[in-house]
Amino acid sequence: MAQYANYINGEWVHGASASTNINPSDLSDVIGEYAQADAAQTDLAIGAAHHAFGAWSIGSIQARADALDRIGSEILANKDALGYLLSREEGKTLPEGVGEATRAGNIFKFFAGEVLRIRGEKMASVRPGLEVEMTREPLGVIGIIAPWNFPMAIPAWKIAPALAYGNTVVFKPAELVPGSAWAIADIISRSGIAPGVFNLVMGRGAVVGQRMINDRRVAAITFTGSVATGKRVAEGCIARMAKFQLEMGGKNPLVVLNDADLNTAVTAAVQGAFYSGGQRCTASSRIIVEKSIYPRFVDAVCTQLAGLRVDHALKKETQIGPVVDQSQLEQDLSYIEIGKQEGARLQFGGERIQRDTAGFFLTPALFTDCSNDMRISREEIFGPVASVIAADDYEHALALANDTEFGLSAGICTSSLKYASHFKRHAQAGMVMVNTATAGVDYHVPFGGRKASSFGPREQGAYAAEFYTAVKTAYVAA
Ligand code: NAD
């Protein structure tokens, strides 16, 4: 069986142990054995990144830009093979996998350009004879802790800016998706960057992740994952005053008003709630519908859902792949039971199904007659499960949309400019979508949320500089 090693200080090194990577569409398909680092190996990677920081942070920005550009080009040239690996390992469909690989490549290209746009400012001082300069400096070693649901795009949107702004990296992918992480590391290893600038340390969160959080040589931690883990990351970073950034869960509302174009609204709901198996932090898990169109809307959603094929992620006809693993499947099924016990009506799906291959297949579950207080409407399920909640009018819909501890993405379907504009202004979310799904974002603009969904500066686009650099103010006597 193929063995895949960690990448530390420019070398491929086997881990203290290894874990088997299995295809969730076909449990007989083993992708490979991936290294699992222990604490000592994590320390080596942190040490290598710490040592490499000096030269990298003051090195040629042309060389930095060229390296990122080469990484982006190689990802784009191999997007089909990378997308195939991603879908095989994570379970999103092949077009979604190839789309994500493409996005990862574009992100590296974007930050290759950003290297050349790092700028400062100069101002007159209020004190005569002085000038003031504001510049941005790299932080040092960045510890990257990533989730499994976007195994190429999220690492890319953390690794690329970290390197672009002159930091070095220790990257810990999620346990379920080492294959995508390894493939990206393999490409980075050929980009010409010096040993130690980028390190891949596959392994368990409680071991590798926790070690990075505790180590004083790691200047900052960027984390994407669940709220529970995010809180642990925050506590560890606060304890030693390290900089950190958290991107966490969502319970994203999609408001559908009675003046909405029905096709647009149904497509936005189905895509936003169920594509990628609903395993997106931006998934529309609460669909808030004005009463007068509620029955028509639900009928139309059910008709679209009935036409979706749930099957092996790599089959051409599949629109929804498996959920990612046994424990996610159990979580989804247990919330479906909770929904029924809470009195919601399971209007469609929610059944474990068998296909030609043994995999974690679950039909999309649509609950109607939901209240916003039910657990299925408040807690992140992270699977193909959505609640439809009735609203009396726009004001009620907006209040329901904002009545959540999360605040990542919020959508509205309406033909009214007045309501669309009001919603853009008043939705308590980091991202607002008008007449389009709550999930699906560009790679060159800020990504992030409010409330329990995010903590710290935005990711992506030029705004990423806020996290990956420190501002310095220098006073110079003329
Ligand atoms: P998770 O919190 O279980 O794991 C995330 C990462 O943290 C993994 O790499 C894991 O190994 C690591 N980890 C676990 N315990 C740790 C510890 N004690 N110390 C340090 N690291 C530790 O999340 P997941 O199941 O991989 O991902 C799903 C979650 O991610 C969902 O809640 C989803 O909403 C969220 N997510 C958020 C965004 C966003 O940008 N807001 C994007 C994608 C996913």
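These figures come from a predicted structure and were not determined experimentally.

Turning next to helix α13 (residues 394-402). Every buried residue of α13 is accounted for by Y394, A397, L398, L400, A401 and N402. Buried positions along α13 lie against β13 (253-256), β14 (286-290), β19 (385-391), β21 (409-413), α14 (417-426) and β23 (450-451). Taking the backbone nitrogen of E395 as reference, a side-chain oxygen 3.4 Å away marks D393 as the first, capping residue of α13.

Time to look at the sheet that holds β14. By way of backbone hydrogen bonds, the strands of a sheet pair with one another, either parallel or antiparallel. Spatially, the seven strands line up as an open sheet ordered β15-β18-β19-β14-β13-β21-β22, and their pairing is mixed. Both edges of this open sheet fall to β15 (345-348) and β22 (431-434), since each of them pairs with a single strand only. When strand polarity is set aside, the average angle formed by the axes of neighbouring strands in this sheet is 25°. Taken together, the four bridges between β21 and β22 define a ladder with parallel strand orientation.

We now examine helix α6 (residues 178-189). Here α6 contains twelve residues, and its C-alpha end-to-end distance of 16 Å stays within 8% of the 16 Å for a straight helix at 1.5 Å per residue. The set of residues buried in α6 consists of P178, G179, S180, A181, W182, A183, I184, A185, D186, I187 and I188.

Right, let's get into the site of the ligand. Taken together, the neighbourhood of the ligand is formed by 29 residues, with A146, E175, S226, T229 and E380 sitting nearest. Within the side chain of K172, one N or O atom sits 2.9 Å away from an oxygen atom of the ligand. Notes on the ligand: free accessible area 850 Å², of which the protein chains cover 90%. Of all the secondary structure elements, the ones that give two or more residues to the shell around the ligand are α7 (205-214), β11 (218-224) and α8 (227-239). Element by element, the count of residues in the shell around the ligand is highest for α7, at five residues. Across the shell around the ligand, the residue classes tally to 15 nonpolar, nine polar and five charged. Two domains each put at least three residues into the shell around the ligand: domain 1 (3-248 + 453-477) and domain 2 (253-434).

Before going further, it helps to examine the packing of aromatic side chains. Throughout the structure, instances matching the rule amount to 13 aromatic pairs. Measuring from centroid to centroid gives 5.0 Å for F467 and Y468, while their planes differ by 90°, and the two rings are edge-to-face. On the basis of relative accessibility, which here comes to 0%, the residue F467 falls in the buried class. By the ring-pair criterion, three or more aromatic residues cluster together here, those being Y4, Y7, W12, Y34, F171, W182 and F198. The ring of W56 carries the charged tip of R64 above its face, separated from the ring centre by 5.9 Å. The lysine or arginine in question, K92, covers the ring of F150, its NZ or CZ lying 3.7 Å from the ring centre.

For N149, the position within the fold is in the loop between β8 (141-145) and α5 (153-164). Side-chain polar atoms of N149 contact the backbone oxygen of Q279, separated by 3.1 Å. Excluding residues within four positions of it along the chain, N149 makes contact with E90, K92, E100, I154, Q279, R280, C281 and F382.

Moving on: the pattern of salt bridges. The full count for this structure, using the stated rule, is 23 salt bridges. The residue E459 makes a salt bridge to K158 at a minimum N-O spacing of 3.1 Å. Within this pair, whereas E459 is found in the loop between β24 (454-455) and α15 (465-468), its partner K158 is found in helix α5, the two being separated by 301 residues in sequence. Given a relative accessible area of 1%, E459 falls into the buried group. Residue K158 is classed as buried on the basis of its relative accessible area, which comes to 0%. One salt bridge connects R375 with E379, and the closest N-O pair in it is separated by 2.8 Å. On the basis of relative accessible area, E379 is assigned to the partly exposed category, the value being 25%.

Criteria and thresholds
Residues numbered from 1 in each chain as written. Predicted model: local features only at pLDDT ≥ 70, side-chain atom pairs only at ≥ 80, totals over all residues. Heavy atoms only, no water. Buried < 20%, exposed > 50% of the residue type's maximum accessible area, 1.4 Å probe, protein only. Helix = DSSP H or I, 4+ residues; strand = E, 2+ residues; numbered from the N terminus. Contact = heavy atoms within 4.5 Å. Polar contact = N/O pair within 3.5 Å; in protein donor to acceptor, adjacent residues only side chain to side chain. Pairing = 2+ DSSP bridges. Axes fitted to C-alpha atoms, helices over the stretch in contact; angles between N-to-C directions. Expected span 1.5 Å × (residues − 1). Near = heavy atom within 4 Å. Areas by Shrake-Rupley, 256 points an atom, 1.4 Å probe, with all protein chains shown as cover. Nonpolar A, V, L, I, M, F, W, Y, C, P; charged D, E, K, R; others polar. Domains from an automatic or database assignment. Phe/Tyr/Trp six-rings, centres within 6.5 Å; stacked < 30°, edge-to-face > 60°. Lys NZ or Arg CZ within 6 Å of the ring centre and 35° of its normal. Salt bridge = Lys/Arg side-chain N within 4 Å of Asp/Glu carboxyl O.

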